[in-house]
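A closer look at the structure
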Amino acid sequence: MKNEVQKNKEYEYKCIQCGNCCRAGFEVVIEKEDIERWIKYEQNEFVQFIQIDPKCISPTGLGGFHIEEVNTLQKIKETYKENEVNEKLEDLKQFILKNHNYFGKGSPLPIYTFIPDLGRTPILVPKTFQIILEGLKWGLIYTIKFELGGYCPFLKENLCSIHQIKPNVCRSFPYTKNGELKIDDYLIKICKGISKDSS
Ligand code: SF4
Ligand code: SF4
């Protein structure tokens, strides 16, 4: 996170390394570039800390919180002809089951996927980085697999233990892709580096 003072209209921000954002349950979505970086630096063991976001393979999402743009099933339905969709979904199911280890139920959130046998909110960990790269081509969303309580497994002694090679999402936090500070009530509450602009 950035150390220079950044401002928007009402707030200013300077990371004080309190570590709160790394244990607040914020989703850390993994990008292709992150995987390529970890392959380059031979961090193969990181794969055990990644999982498929169960929301992306859920036909119903999480209650009303269903974001169709990041739903893999929806993307398949939009990409293929109606008579091809079932076959593609079956291929995706086989890809997931063959190439990911199942670690039981994750958070108590009621997320049910298109693979009913897996039950609620399954933890599906890819076997290798190459599988993640393949899964991304399917449109799957991979995230860091947080510890109970929303802690990132890379947070050690209140600091990011992989700071130099942390995921892009963490590099840009708390900014949007447009470089705007992402201000909302929750962020203001947890981020000790955000304060009202005093100038
Ligand atoms: S990877 Fe590092 S910066 Fe990102 S959430 Fe985990 S501990 Fe925090
Ligand atoms: S919560 Fe804010 S101040 Fe604390 S580590 Fe994260 S970005 Fe920095």
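Coordinates for the structure precede this section.
Keep in mind it's a predicted model, so treat the numbers as computed, not measured. (Residues numbered from 1 in each chain as written. Chains lettered and ligands numbered in written order. Predicted model: local features only at pLDDT ≥ 70, side-chain atom pairs only at ≥ 80, totals over all residues. Heavy atoms only, no water.)

**Let's talk about the site of ligand 2**
Neighbouring ligand 2 are twelve residues, the closest being Cys-15, Cys-18, Gly-19, Cys-21 and Cys-191. Looking at the shell around ligand 2 residue by residue, the class counts come to eight nonpolar, four polar and no charged. (Near = heavy atom within 4 Å. Nonpolar A, V, L, I, M, F, W, Y, C, P; charged D, E, K, R; others polar.)

**What to know about the packing of aromatic side chains**
Counted under the stated rule, the structure contains nine aromatic pairs. When the centroid spacing of 5.5 Å and the interplanar angle of 70 degrees are considered together, the rings of Phe-26 and Tyr-186 count as edge-to-face. Highlighted residues: Phe-26 in the loop between β2 (11-13) and α1 (32-40) and Tyr-186 in helix α6 (residues 185-190), separated in sequence by 160 residues. With a centroid separation of 6.2 Å and an interplanar angle of 35 degrees, the aromatic rings of Trp-38 and Phe-129 are classed as tilted. Pair noted here: Trp-38 is in helix α1 and Phe-129 is in helix α4 (residues 129-138), with a separation of 91 residues, a long-range link. With respect to class, Trp-38 is no different from Phe-129; both count as buried. Cluster of aromatic residues (ring-pair linked, three or more members): Trp-38, Phe-46, Phe-49, Phe-129 and Phe-154. (Phe/Tyr/Trp six-rings, centres within 6.5 Å; stacked < 30°, edge-to-face > 60°. Helix = DSSP H or I, 4+ residues; strand = E, 2+ residues; numbered from the N terminus. Buried < 20%, exposed > 50% of the residue type's maximum accessible area, 1.4 Å probe, protein only.)

**What about the pairing of strand β5 (residues 122-126)?**
Of all five residues in β5, five are buried; the element is thus mostly enclosed. Pairing geometry for strand β4 (residues 100-105) and β5, over four bridges, is antiparallel. Bridge pairing links Lys-105 to Pro-122 in β5. (Pairing = 2+ DSSP bridges.)

**Section: the side chain of Asn-71**
Along the chain, Asn-71 falls in the loop between β3 (50-52) and α2 (72-79). Polar contacts involving the side chain of Asn-71 include one to the main-chain carbonyl oxygen of Lys-55, which spans 3.2 Å. Polar contacts involving the side chain of Asn-71 include one to the main-chain amide nitrogen of Gln-74, which spans 2.9 Å. (Polar contact = N/O pair within 3.5 Å; in protein donor to acceptor, adjacent residues only side chain to side chain.)

**Topic: the pattern of salt bridges**
Evaluation of the coordinates by the stated rule reveals five salt bridges. Arg-37 is paired through a salt bridge with Glu-33; the nearest N and O atoms lie 3.8 Å apart. With a gap of four residues between them, Arg-37 and Glu-33 both fall in helix α1, about one helical turn apart. Residue Glu-33 is classed as partly exposed on the basis of its relative accessible area, which comes to 46%. Put simply, Arg-37 and Asp-34 hold a salt bridge, and the shortest N to O gap is 3.1 Å. Taken together, the positions of Arg-37 and Asp-34, both in helix α1 and three residues apart, correspond to about one turn of that helix. (Salt bridge = Lys/Arg side-chain N within 4 Å of Asp/Glu carboxyl O.)

**Remarks on the packing of α1 against α4**
Between α1 and α4, whose axes approach to 10 Å, the crossing angle comes to 160 degrees. With respect to α4, the element α1 is oriented roughly antiparallel. Every pair of crossing elements has a handedness; the one defined by α1 and α4 is left-handed. Here α1 contributes Lys-32, Ile-35, Trp-38 and Ile-39 to the contact with α4, which in turn contributes Phe-129, Gln-130, Ile-132, Leu-133 and Leu-136. Among the residues making up the contact of α1 with α4, the classes are represented as seven nonpolar, one polar and one charged. (Axes fitted to C-alpha atoms, helices over the stretch in contact; angles between N-to-C directions. Parallel < 35°, antiparallel > 145°, perpendicular 65-115°, else oblique. Left-handed = near helix turned anticlockwise from the far one by under 90°. Contact = heavy atoms within 4.5 Å.)

**Examining the packing of helix α3 (residues 82-99) against α4**
Closest axis-to-axis distance for the α3/α4 pair is 11 Å, and the angle between their directions is 160 degrees. Relative to α4, the element α3 is oriented roughly antiparallel. Of the two elements, α3 crosses α4, and the hand of that crossing is left-handed. Only Ile-131, Glu-134, Gly-135 and Trp-138 of α4 make contact with α3, whose side of the interface consists of Lys-88, Asp-91, Leu-92, Phe-95 and Asn-99. For the contact of α3 with α4, a count of residues per class yields four nonpolar, two polar and three charged.

By themselves these figures say nothing about function.
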